[in-house]
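Now for the letters of each chain:
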Number of protein chains: 2
Amino acid sequence: MNIRDYVVKMGHLHPDREVLVFQEHRFTGRQVRDRIFRLSNALLGLGLEKGDRVAVLLTNSHYSVECFYALACAGLVLVPMNSRNAAREHLYMLENAEVRAVLVGQEFLGVIQPILSEASGVSHAVCINGPAPQGWLDYETLIAGAGVEEPQIELLDEDLSSIRYTSGTTGRPKGVMHSQRGALTTVYSTLMDGLDIKSTDSVALIGPVTHASGSYILPHLVRGAKVVILPGFDVTNVLRTVEQERVTMIHLIPTMLVMILASPEIDRYDLSSLKTIRYGASPISPDVLKRAIGIFGDIFVQGYGLTEASMPMSLLLKDDHILDGSEKSIRRLSSIGREVTFSKVRIMDDEGNFVPPGQIGEIVVQSSQVMQGYWKNPEATAEALRGGWLHTRDMGFMDEEGYIYLVDRKEDMIISGGFNIYPKEVEDVLYMHPAVLEAAVFGIPDEKWGETVKAAVSLKTGQKATEQEIIEHCKTHLAGYKKPTSVDFLDQLPKGHTGKIVRRELKDPYWRGKERKIN
Amino acid sequence: MNIRDYVVKMGHLHPDREVLVFQEHRFTGRQVRDRIFRLSNALLGLGLEKGDRVAVLLTNSHYSVECFYALACAGLVLVPMNSRNAAREHLYMLENAEVRAVLVGQEFLGVIQPILSEASGVSHAVCINGPAPQGWLDYETLIAGAGVEEPQIELLDEDLSSIRYTSGTTGRPKGVMHSQRGALTTVYSTLMDGLDIKSTDSVALIGPVTHASGSYILPHLVRGAKVVILPGFDVTNVLRTVEQERVTMIHLIPTMLVMILASPEIDRYDLSSLKTIRYGASPISPDVLKRAIGIFGDIFVQGYGLTEASMPMSLLLKDDHILDGSEKSIRRLSSIGREVTFSKVRIMDDEGNFVPPGQIGEIVVQSSQVMQGYWKNPEATAEALRGGWLHTRDMGFMDEEGYIYLVDRKEDMIISGGFNIYPKEVEDVLYMHPAVLEAAVFGIPDEKWGETVKAAVSLKTGQKATEQEIIEHCKTHLAGYKKPTSVDFLDQLPKGHTGKIVRRELKDPYWRGKERKIN
């Protein structure tokens, strides 16, 4: 079986079911399959060949679904472009990945058109959802002229399927290579672990489908369930869509959850169709989670994954989200769950040995969903995959039953006076404070201790707290050396395009002019 | 991932959960893993090498689980022996498969000991659950002397994992070869389709675990659910076990279901823990199914598979078992459902073309669960797998949404006066008669028509019906040429060791002395 077999299966088993919705557009299984295969055939008809890289720059829509799977079905390699990137960054990716064709939403023409002449390898440009400029192909015209038959390109497990550029905290972004097998395993993993998708289900995709949200598309389509694509995150639109489309499952990142919980609109909509709320992408404070379970019920599933090892590597299942107040259940609420059917997760020390339960080390994983490597970067590949395990650079530990506890990013660890401090532990305590809406903790330079702990917080509307109150609150819940020594108050914390709080943007100004970010 | 990874995972995630039960024996995940690995290591320690065939002859017990997975983990090839076979048949398999070791339950020593000297390739014999005779090894002594570490034999997807001998309706039994990948895909398929196994679940295995029932073992173990092995089918014991072990899932074959439904004991036990009743292995009449749904509720899932393509190739899910009386729902109750995530199922004519919906042809399948071929029988392999599709010799058709309707075995089709008659259609009508408990239909020689339709039935206790009444009943529900022209009344119909009714045993006496079984 390969990805294309599942596009065939969707059309075969659900020809007349409505399976894909974006705004006023609604498509049946047969229509989705036909549009995908038409695009595959059209791209091959342009002369693109198996293994050629094709960049896609779109905001969330049904076009994203068509483009992703048309490329996979034709053996072409998807290079998703980040809509927040600047022209210079786009150009770097087009050149680095040696992209031969671009599929671009009309809203991005302004940024892409000027750089296309510089990207010498790009021989085809397709404009989606708007009038195609001179020299560009129009998407709908292109697919209307192509056949609906299944493309006959051979697809092998080890064929390259996508190159996804990491946001790159240091240096140039790296291209993460995933195989056809990796893409397929993500489908299986989604079908197998934590979700029991039926044809009567529907999923609303809120985050960019180039990221974790995208993993839910094909598993739902192939079951004849409905995939509702939202153009972005807007609390009211999310709540309205859940009510109108009787959505059974959504995937959120913690900051979205915080905003939904804080919204006065939450009571105005019928959200009873929801059977699963999947969350992930960054740690969530137990306090927020408890409030969420109180409102939505026992329907939460947490996923853990990374660009280099697609979601999910581990899951904290509904059965693990127990609010009985026992020490064990409270502790597990702060874990990222256990390895899934298709993954092996272990904790490793710097010498490459597995460490016993309870001991902190680097989280390492093995899975078909682990990347093949970094594009044209054998050194970084060898480093990340040394010993046959993907080294995640996430620090954590495991309990006796395999529950994994994320401690922090290896690079975010604060070393103060010789003690290791993990920011997340301090942030969890900050979120317990009734006035705190968002919190981030990081190390800043300190003459005496090397580094000292700094907190940045935003407060809930109408709530107040002083720096001293916040520090005192931490002091009562943490060892003294872990408490923040100063607090910055911000209207909101900086976030990446997936909605994660970016500590680095807060931290960097304090380290400007220093050679290393650890003092 | 391979089968051994899942044995590791069971021990890693569920070390202290009770996951395996047979009579008074109860084992945790760690204990099961350790016993499996000890046996793997012990067998390798005897000098057996990857790819060597090992025959296992046991009645259902926890030993079956240990033997099956110990062989898979060591890269050894399982040859399950059929407990109903005679010594001569056992000897044929030992020689044909070139078996190097046998693992035998003490109850079978009487049949195996005398033939071992003739099976020249067998160099090791292990006696399970009883005193080992001279020259035999004792199972518990053997494993007690071996280590618990994970065996370090490399396992590849295409490695041979088992040879299962078909009952062989004509000629010598054929050895069906399945790969490690096939065994693994069966696990995934069970986890992915129609069951959503949680650690709080438990499955009671009633049929021989060498057959379809065995496919449920590892999926439940790896989820930390409880596998309860029953020594055989006994209505009272099944009902009692469901109540005592709070069983959530059982797998039945239709004749078992008929017997359970007919039992006065059904009301005496608390069966409310059951969430799924899986059935399969032979067609079931819509009438029996309707009665069953009336009693147990909407918890039925039907699976279709065969020795050459492991269960399930298709599933009729709970959502498909709708009793609203509509034409569509009644029709679907008689289907074998739709292809599963890991399979492609199509209908093919004798020229190798796919036929349109509604048209009868041979059911063909593609899947990782399809056999690698027949052992040392390239001709039969080429014939069965021609064109890259397994030809099941089951005749059927498909509707517009991919629901598959089994018509009959290719060889069981009756040709009477030039008309094709499929026995199952007639049997379904016989089961609608209130006095009929079991029914089988087959063709017998007829001077005028070539063949004519014969029915064999057994009646429910206390019920009566004459031959003429039965024939009249069929006449009102079937075209005239399909009705039986005569009826045999039997106390019970002959069944194979899986409990299926064996039409052949009824049919053969009528054809003795004829060269072909189709006149």
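What counts and how
Residues numbered from 1 in each chain as written. Chains lettered and ligands numbered in written order. Predicted model: local features only at pLDDT ≥ 70, side-chain atom pairs only at ≥ 80, totals over all residues. Helix = DSSP H or I, 4+ residues; strand = E, 2+ residues; numbered from the N terminus. Rg over C-alpha atoms; globule rule 2.2 N^0.38 Å. Contact = placed C-beta atoms within 7 Å. Pairing = 2+ DSSP bridges. Axes fitted to C-alpha atoms, helices over the stretch in contact; angles between N-to-C directions. Least-squares fit on C-alpha atoms with pLDDT ≥ 70 in both. Nonpolar A, V, L, I, M, F, W, Y, C, P; charged D, E, K, R; others polar. pLDDT = per-residue confidence, 0-100. Buried ≥ 20, exposed ≤ 12 C-beta atoms within 10 Å, placed from the backbone. Arc of directions from axis to C-beta. Core = buried A, V, L, I, M, F, W, Y, C linked by C-beta atoms within 7 Å. Parallel < 35°, antiparallel > 145°, perpendicular 65-115°, else oblique. Left-handed = near helix turned anticlockwise from the far one by under 90°.

**Some points on the overall build of chain A**
Of the regular secondary structure elements, chain A holds 16 helices and 26 strands. For chain A, whose C-alpha radius of gyration is 23 Å, the value lies close to the compact-globule estimate of 24 Å for 519 residues. The principal-axis extent of the C-alpha atoms belonging to chain A is close to 70 × 50 × 45 Å. Pairs at least 24 apart in sequence give 65% of the contacts found in chain A among residues at least 6 apart.

**Points about the sheet that holds strand E26 (residues 486–489) of chain A**
Residues and elements named next belong to chain A. An order of E24-E25-E26 is seen for the three strands of this open sheet, with the pairing classed as mixed. Looking along the sheet, the strands with just one partner apiece sit at the ends: strand E24 (436–446) and E26. In this sheet, neighbouring strand axes are inclined to one another by 25° on average, regardless of whether the strands run parallel or antiparallel. The pairing of E24 with strand E25 (residues 450–459) spans ten bridges and is classified as antiparallel. Paired with Ala440 across the bridge in E25 is Ala456.

**Focus on the relation of the copies chain B and chain A**
Mapping chain B onto chain A leaves a residual RMSD of 0.0 Å; the transformation is a rotation of 180° accompanied by 0.0 Å of translation along its axis. In the structure described here, the two chain copies are related by an operation that fits a two-fold rotation axis. Considering only C-alpha atoms, the part of chain B nearest the rotation axis is B:Met192, at 2.3 Å. Looking at chain B, 100% of its interface residues are interface residues in chain A too, so the copies touch through the same face.

**Quick notes on the environment of B:Lys448**
By the secondary structure assignment, B:Lys448 is in the loop between strand E24 (436–446) and strand E25 (450–459). The spatial distance from the C-alpha of B:Lys448 to the C-alpha of B:Gly417 is 7.8 Å, given a sequence separation of 31 residues.

**Looking at the interface of chain B and chain A**
Counting residues at the interface gives 19 residues for chain B and 19 residues for chain A. Of all the secondary-structure elements, those providing two or more residues to the side of chain B that touches chain A are helix H1 (3–13) and helix H7 (180–192) of chain B. Across the side of chain B that touches chain A, the residue classes tally to seven nonpolar, four polar and eight charged.

**Some thoughts on the confidence of the model for chain A**
Overall, the prediction assigns chain A a mean pLDDT of 91, with 97% of residues at 70 or greater. Interface confidence for the predicted complex, given as ipTM, is 0.84, next to a pTM of 0.85.

**Here we look at unusual backbone geometry**
In the segment running from A:Met311 into A:Pro312, the intervening peptide bond is cis, with an omega of -5°. Position of A:Pro312 relative to the elements: it lies in strand E15 (residues 309–316). If you check the backbone angles, A:Asn129 has positive phi at about 65° while not being a glycine. Along the chain, the position of A:Asn129 falls in the loop between strand E6 (124–128) and strand E7 (137–138). Owing to 16 C-beta atoms within 10 Å, A:Asn129 belongs among the partly exposed residues under this scheme. Non-glycine residue B:Arg246 carries a positive phi angle of around 50°. Residue B:Arg246 is classed as partly exposed on the basis of its C-beta count, with 16 C-beta atoms lying within 10 Å.

**Quick notes on the sheet that holds strand E13 (residues 276–280) of chain B**
Residue and element names in this part refer to chain B. As summarised here, the arrangement of the nine strands in space is E2-E1-E11-E10-E12-E13-E14-E15-E16, forming an open sheet in which the pairing is mixed. The outermost strands of the open sheet, each flanked by one partner alone, are strand E2 (25–28) and strand E16 (338–339). Sheet analysis places strand E1 (residues 18–22) next to E2, joined by four bridges and oriented antiparallel. The residue of E2 that forms the bridge with Glu18 is Thr28. Relative to E1, helix H3 (residues 62–74) is tilted by about 120°, and along the sheet it contacts E1, E2 and strand E11 (226–229).

**Brief notes about helix H15 (residues 467–477) of chain A**
All names here are of chain A. Among the residues making up H15, those that are buried are Ile470, His473 and Cys474. All buried residues of H15 lie within an arc of 95° about the axis, which places them on one face of the element. Exposed residues pointing more than 90 degrees away from the buried face of H15 are listed as Gln468, Glu472 and Thr476. In this fold, the buried residues of H15 make contact with helix H14 (423–432), E25 and E26.

**Some details on the nonpolar core**
Residues A:Val54 and B:Val54 are the most contacted members of the largest nonpolar core, which totals 306 residues. Beyond its immediate stretch of four places on either side in the chain, B:Val54 contacts B:Leu43, B:Leu48, B:Leu71, B:Leu76, B:Val77, B:Leu78, B:Val79, B:Val99, B:Arg100, B:Ala101 and B:Leu103.

**With respect to the packing of helix H10 (residues 254–262) of chain A against helix H11 (residues 286–296) of chain A**
Residue and element names in this part refer to chain A. Contact pair H10 / H11: the axes reach a minimum separation of 11 Å and the direction vectors enclose 55°. Accordingly, the angle class assigned to the pair H10 and H11 is oblique. Relative to H11, H10 is oriented so that their crossing is left-handed. In this structure, H10 contributes Pro254, Leu257, Val258 and Leu261 to the contact, and H11 contributes Val288, Arg291, Ala292 and Ile295.

**Topic: the packing of helix H7 (residues 180–192) of chain A against H7(B)**
At a minimum axis distance of 8 Å, the contact between H7(A) and H7(B) shows a crossing angle of 50°. Between H7(A) and H7(B), the angle is such that the two are oblique. As H7(A) packs across H7(B), the resulting crossing turns out to be left-handed. Listed contacts from H7(B) to A:Tyr188, A:Leu191 and A:Met192 of H7(A) are B:Tyr188, B:Leu191 and B:Met192. Tallied by class, the residues present in the contact of H7(A) with H7(B) amount to six nonpolar, no polar and no charged.

**Here we look at the pairing of strand E14 (residues 300–306) of chain A**
Residues and elements named next belong to chain A. Most of E14 is tucked away: seven of the seven residues are buried. Side-chain alternation along E14 places Phe300, Gln302, Tyr304 and Leu306 on one buried face and Val301, Gly303 and Gly305 on a second face that is also buried. Both strand E13 (residues 276–280) and E14 contribute to a ladder of four bridges, which runs parallel. Counterpart to Ile277 in the pairing with E14 is Phe300. Of the strand pairs in this sheet, E14 and E15 are connected by four bridges, and their pairing is antiparallel. Looking at the pairing, Gln302 lines up with Leu316 of E15. Hairpin connection of E14 to E15: two residues between the antiparallel strands.

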